[in-house]
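Chain by chain, the residues:
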Amino acid sequence: WPRVRSTADALTALHSLEKASHVLTEKLRVLPPHVRVGDASQRVMRDASSLLVAARVLVRRSEELDQGQSCSHHPAATSFINDEASPLLADLVHDTVDDARAFCREKFGDAPEIQVLADEGGEGANVPLAHYARFALFELLKNAMGAHVHAVGADRLDERPPISLRQRTQRGWAYVGVFDHGGGWGARSAAHKAALFLSSTRHAREATYTYSRDFGQPFESMGMGLPLAALHARYLGGGIHLSGRANEGVDAILNLDVSGGHSDPDDFVAAHTHSLLAAQVPISFG
């Protein structure tokens, strides 16, 4: 990277990193499948993607500081959160659900119903989260909706119960659970395959262009969504847990640390970037 003296320099460096990451991804994508899913390729993709996540966080924070926004004194100031700009958990869930529905309708013509519930007994959904949590939740919702569409078809979605989304904040953790009825995993190995970079359980679909915020992007099958979602969750101090219900569906839990304790952004970035590079993709299976 060139020496960075301003936000403009940081944006230029980020664009260069994004281009390099794209070139690397496409070079690995054309390798034989057994090489793509091998330890060496996965380590390269994980490390490159981790650095890209960290760079985007830093640039976003630099832009906020240029605009005069300071880090929040809220107990959940784990992830460069500031009270003025960071969405509350309930709002982030609501907006992400709307975006995911629009994206699914764009690609398939319709979208499954999503029932949003707040668990009783929690500490409420008014804790602010970093914007980056949206990416992880969006991917989990996208996977759940895709499972319903592939199970019965876009014209028969009312034959399945709605996808349930439950949110809860308790003891310094925010939990968002996405519970689908798309049939579950045909085999345990399919779930592990979906957690790898450049590996997918479905055939790719062509991008279409209409109205969603993410228009033009393929809905699935690029082999990037779930592992990238897990890296975003790891950056926010959490992870993703997947549990299959045979012939029923998949339970996907996103948990994020909102306890605070990272007052220095530099310390936060150093600690989390190190954990990203040192760890496997943080997806656990039940």
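The structure presented is a predicted model; accordingly, all values stated were derived computationally and were not measured. (Residues numbered from 1 in each chain as written. Predicted model: local features only at pLDDT ≥ 70, side-chain atom pairs only at ≥ 80, totals over all residues. Heavy atoms only, no water.)

Topic: the overall build of the chain
For clarity, the threshold we go by: Numbering of helices and strands starts at the N terminus; helices are DSSP runs of H or I of at least 4 residues and strands are runs of E of at least 2. Per-residue accessibility, obtained with a 1.4 Å probe over protein chains only, is compared with the maximum for each type, and a residue is labelled buried under 20%, exposed over 50%, and partly exposed between these values. In what follows, a contact means two residues having at least one pair of non-hydrogen atoms within 4.5 Å. Reported accessibility uses the Shrake-Rupley method at a 1.4 Å probe radius. Residues are deemed covered only where the shown protein chains occlude them.
A tally of helices and strands in the chain yields eight helices and six strands. Listing the helices and strands of the chain from first to last along the sequence gives α-α-α-α-β-α-β-β-α-α-β-β-α-β. Looking at the chain residue by residue over its 286 residues, the buried ones come to 48%. Considering only intrachain contacts with a sequence separation of at least 6, the fraction spanning at least 24 residues in the chain is 73%. Looking at the chain as shown, the accessible area adds up to about 14,100 Å², and 52% of this sits on carbon and sulfur atoms.

Things to note about the pattern of salt bridges
Note the threshold: One speaks of a salt bridge when a side-chain nitrogen belonging to Lys or Arg is within 4 Å of a carboxyl oxygen belonging to Asp or Glu.
Inspection of the entire model under this criterion finds 10 salt bridges. Of the charged contacts in the structure, one is a salt bridge between Glu-159 and Arg-156, with a shortest N-O distance of 2.9 Å. You can call Glu-159 partly exposed: its relative accessible area is 47%. For Arg-156, a relative accessible area of 40% gives the class partly exposed. Within the structure, one salt-bridge network assembled from shared partners comprises Asp-98, Arg-101 and Glu-113.

Regarding the nonpolar core
Rule in force here: Among buried residues, those of type Ala, Val, Leu, Ile, Met, Phe, Trp, Tyr and Cys that are joined through side-chain atoms within 4.5 Å constitute a nonpolar core.
Core analysis: the largest hydrophobic core is formed by 47 residues, its most contacted members being Leu-137, Leu-141, Leu-165, Val-178, Ile-240 and Leu-254. Among the secondary structure elements, those contributing two or more residues to this core are helix H3 (39-66), helix H4 (89-108), helix H5 (133-152), strand S2 (163-170), strand S3 (173-179), helix H7 (225-235), strand S4 (239-245) and strand S5 (249-257). Here the element with the most residues in this core is H5; it accounts for 10 residues. Among the nonpolar cores identified, the runner-up in size contains seven residues, and Leu-28, Met-45, Leu-198 and Leu-231 belong to it.

What to know about H4
What counts is decided by this rule: Here, expected helix span is obtained from the residue count minus one, scaled by 1.5 Å.
The end-to-end C-alpha distance of H4 is 28 Å, a good match for the 28 Å that 20 residues give at a rise of 1.5 Å each. Along H4, 14 of the 20 residues are buried, which leaves the element largely enclosed by surrounding structure. Phi turns positive, to about 95 degrees, at Gly-109, one or two residues after H4.

Some remarks on the side chain of Ser-49
If you trace the backbone, Ser-49 turns up in helix H3. Excluding its chain neighbours within four sequence positions, the residues that come into contact with Ser-49 are Phe-197, Leu-228 and Leu-231.

Topic: H5
Compared with an ideal rise of 1.5 Å per residue, which puts 20 residues at 28 Å, H5 spans 30 Å between its outermost C-alpha atoms and is within 8% of the ideal. Along H5, 16 of the 20 residues are buried, which leaves the element largely enclosed by surrounding structure. Where H5 terminates, the next one or two residues include Gly-153, which has phi positive at roughly 95 degrees.

Re the packing of aromatic side chains
In plain terms, the rule: Ring pairs shown here join Phe, Tyr and Trp side chains whose ring centres sit within 6.5 Å, with only the six-membered ring taken for Trp; geometry is labelled stacked below 30 degrees between planes, edge-to-face above 60, and tilted in between. We call a charge positioned over a ring when the NZ of a Lys or the CZ of an Arg lies within 6 Å of the ring centre and within 35 degrees of the ring normal.
Taken as a whole and judged by the stated rule, the model has one aromatic pair. A cation over a ring is seen here: Arg-134 above Phe-138, with NZ or CZ 4.5 Å from the ring centre.

A look at the confidence of the model for the chain
Heads up, the condition is: The predictor attaches a confidence to each residue, called pLDDT, with possible values from 0 through 100.
Averaged over every residue, the pLDDT of the chain is 78; residues scoring 70 or more account for 71%. At the low end of the mean pLDDT range in the chain sits helix H8 (residues 265-278), at 43; at the high end sits H5, at 94. Long-range and interchain partners of residues 205-216, a stretch whose pLDDT sits below 50, account for 30 contacts in this model, where long-range means more than four residues apart. Confidence drops under pLDDT 50 across residues 262-279; counting only partners more than four residues distant or on other chains, this segment forms 30 contacts.

What to know about unusual backbone geometry
With phi around 50 degrees, Arg-171 is a residue other than glycine that occupies positive phi space. In this fold, Arg-171 is placed in the loop between S2 and S3. Although it is not a glycine, Asn-247 sits at a positive phi angle of roughly 60 degrees. Inspection of the secondary structure puts Asn-247 in the loop between S4 and S5.

With respect to the pairing of S2
Here is the rule we go by: In short, DSSP must find at least two bridges between two strands for them to pair.
Two strands pair when backbone bridges link them, and strand S1 (residues 114-118) and S2 are joined in this way by five bridges, in the parallel orientation. For Ala-118, the partnering residue across the bridge sits in S2 and is Gln-167. Pairing analysis gives seven bridges linking S2 to S3, with the strands arranged antiparallel. Residue pairing for S3: Ser-164 is matched across the bridge by Phe-179. Counting the residues in the hairpin turn of S2 and S3 gives two residues, including Arg-171, whose phi is positive at 50 degrees.

Let's talk about the side chain of Ser-41
Tracing the sequence through the fold places Ser-41 in helix H3. With residues near it in sequence (within four places) discarded, Ser-41 still touches Leu-28, Leu-31, Val-35 and Arg-36.

So, the environment of Leu-89
On the secondary structure map, Leu-89 appears in helix H4. In the structure, Leu-89 is positioned 39 residues away from Pro-128 in sequence and 5.9 Å away in space, judged by C-alpha atoms.

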